[in-house]
Amino acid sequence: MAVEAGTRQEERVVGRVWTVRLDPDGRPSVGAVRLSCSRPACADQRFPGGAAVGRKAAIGHVKEHLARIREGGGPRGDAWCACRAAGCAWHTPAPATGRPSGAPPTAGAVRCEGPAVLTVYADRAGRLWRIAETCTRCAAATPGCRVLNTARHPARPAPAGTDQAPRKPDAEEDAADRAGRDGLTAAFSDRGSSPAAGASSCAAASPAPVPRARAAQPASASGRTKRWGKIAQRIVPRDLEPDALRLELIKLGDEFRAYQQRTEPDLTVLATLHERKARAFGLWADVSGDISLRHEAERAEKAAQTTLEMHANRTGQPLGGTAGDGPLVERLLTRTQAASARTVLDYVAANSPHPEAEVRLAVLMLTLRSARAGTGNVTGQDLTGWLQGDAEQVVERLIEADWLHLPGTVAELMASRPEGPIAITVPTLLPEQSRPFVFGKTTRARLSGWAQKVVSDRKIRKKKATAADRLLALYTAAHARPDGRLGHAEDDGLCLDQAAEFCALPPDQIAEHAGLLVAAGWLAEADTIGDRLRGQLAERALPLGGML
């Protein structure tokens, strides 16, 4: 902890700093970690349970310090900026300034400003946490820094012999204070800030005891003066010209933060914000000559395009247009994820150790649980939900075929509950084997959730659907177009033989099982004339459609 350096002018003291670290303890193979705190009264702690246990303890330790600081009155209004005392190294990397890390900043290069604030910083690796009293500007310029509380300006006594009241902060200081409190407490979506942007936001010289008088500033469109703002971890300069650009950047930062407070996302609104950001940063780069701003503009332009594509994937509408007269629905899977789902279905059909529908359904669900690492968590409730009374027999058959490995017995697996799942292993999906799937963990989880929703559909379950019925429901959902019609438009439905093979049924029985799905409200219509399965998903099944 940084000890108070005594009194200086105006009896101001250096801001306090608490640093909590998590370091390896002993040999890496042991996995133990050591928690240390810069406060002398806090003894080091050792955790043999690994980094996860250590991080939990470190976060608890930080919270204890924060509670004590708040009980003691929070940040001190007469404290100097602790970041400045450290040479502003917290937000000014050496490559950006050409000076050794931790060296005092060059005079005039940076400028501290604003009231003292209590901040907390956690590095992305989960190894260091820092609580500090800093100025508002340094807090805003430090990536990953969160402001928890703001100190009041220290009261200044009036000169002897006068009855002058203490000076109140002017409108500009109020605006900066509000921006520091409100803007910094919400994590901004874009953390790719330029080092050079942070280098111009901290002070080199001691702040004046009383800020000099400022000329009146023009009011914004809302009627209030606001010359301070932050966007994408960058401070918008107060003297940026043209004035319309400065106001647009400040407004964009506020609107991005407001968007993050939404309870439900709106991708069209987000795409519009990214488009505006791309234009504003492009103009800012032209005005300032900063190439990093040009890169930020290009990133925003790509983000706008990606967001629009995500919206098209979710709604089933083509990018930049509408899908004819088809319904506008929120899809559980994107087009890419739906293609991955069809890849999994094809893999299961070709690699199931037994051809029965019950075994194939279990193989499909267990594959989705363990597709990434070859291992996954399953409970007895999961299995009985998928297979009803056949679950235990199917698991035993998979173990006999060496397709599935369990850490215990089948009885223990069937007795497991959500609070104590069993870790299963599928040897053919282990990382050392050739990987049949290339999707990431987010897609894996989304596909598993999609299949679970289809298999456990309430109306299908009420019809006492068999494993073959559930496989057919999965197959039709994965092979439907945005409007719900089955198969590609040029194919006029699905190949009856392929659907029957996946469901482990004779082709002449597909019509009977499709009729059950119609009765359950999964399909709006279905027919098997000729060698094609034609039909359409019911409206309630459209969100689970695969968007061919």
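Residues numbered from 1 in each chain as written. Predicted model: local features only at pLDDT ≥ 70, side-chain atom pairs only at ≥ 80, totals over all residues. Heavy atoms only, no water.

J.: What's the story with the environment of Leu-537 in this structure? I'm lost.
T.: Locating Leu-537 in the fold gives a position in strand β15 (residues 532-537). Since its relative accessible area comes to 2%, Leu-537 is described here as buried. For the pair Leu-537 and Arg-485, spaced 52 residues apart in sequence, the C-alpha to C-alpha distance is 6.5 Å. Ignoring any residue separated from it by four or fewer positions in sequence, one finds Leu-537 in contact with Thr-476, Ala-477, Ala-480, Gly-484, Trp-522, Leu-523, Ala-524, Leu-542 and Gly-545. (Helix = DSSP H or I, 4+ residues; strand = E, 2+ residues; numbered from the N terminus. Buried < 20%, exposed > 50% of the residue type's maximum accessible area, 1.4 Å probe, protein only. Contact = heavy atoms within 4.5 Å.)

J.: Quick question: what am I supposed to make of the packing of aromatic side chains here?
T.: The way to describe two aromatic rings as a pair is by their centre distance and the angle between their planes. What the rule picks out here adds up to four aromatic pairs. Their ring planes at 70° and their centres at 5.1 Å tell us that Tyr-347 and Phe-437 sit as a pair that is edge-to-face. Separated by 90 residues along the polypeptide, Tyr-347 in helix α10 (residues 335-351) and Phe-437 in the loop between β12 (422-425) and α15 (441-455) bring together distant segments of the chain. Taken individually, Tyr-347 and Phe-437 each receive the classification buried, so the pair is uniform in this respect. One aromatic cluster in this structure is built from Tyr-347, Phe-437 and Phe-439. (Phe/Tyr/Trp six-rings, centres within 6.5 Å; stacked < 30°, edge-to-face > 60°.)

J.: What is the right way to read the pairing of β15 from this model?
T.: Walk down a regular strand and you will see the side chains alternate between the two sheet faces. As judged from the two bridges shared by strand β13 (residues 494-495) and β15, these two strands associate in the antiparallel manner. The residue of β15 that forms the bridge with Cys-495 is Arg-532. Linkage of strand β14 (residues 523-527) to β15, two consecutive antiparallel strands, is achieved through a turn of four residues, within which Gly-530 is found at a positive phi near 70°. (Pairing = 2+ DSSP bridges.)

J.: Just checking my understanding: could you explain helix α13 (residues 391-400) for this structure?
T.: Since the α-helix packs 3.6 residues into each turn, any two residues three or four apart lie on the same face. Among the residues making up α13, those that are buried are Ala-391, Val-394, Val-395 and Leu-398. In a view along the axis of α13, the buried residues occupy a sector of 100°, so they form one face of it. Residues of α13 that are buried make contact with α11 (357-370), α12 (380-387) and α14 (410-415). Just past α13, the residue Asp-402 takes up positive phi, approximately 60°. (Arc of directions from axis to C-beta.)

J.: Looking at this model, I keep getting lost on the side chain of His-65. Mind explaining?
T.: By the element assignment, His-65 lies in helix α1 (residues 51-71). Once residues lying within four places of it in the same chain are set aside, the contact partners of His-65 are Trp-18, Cys-37, Arg-39, Cys-42 and Ile-131.

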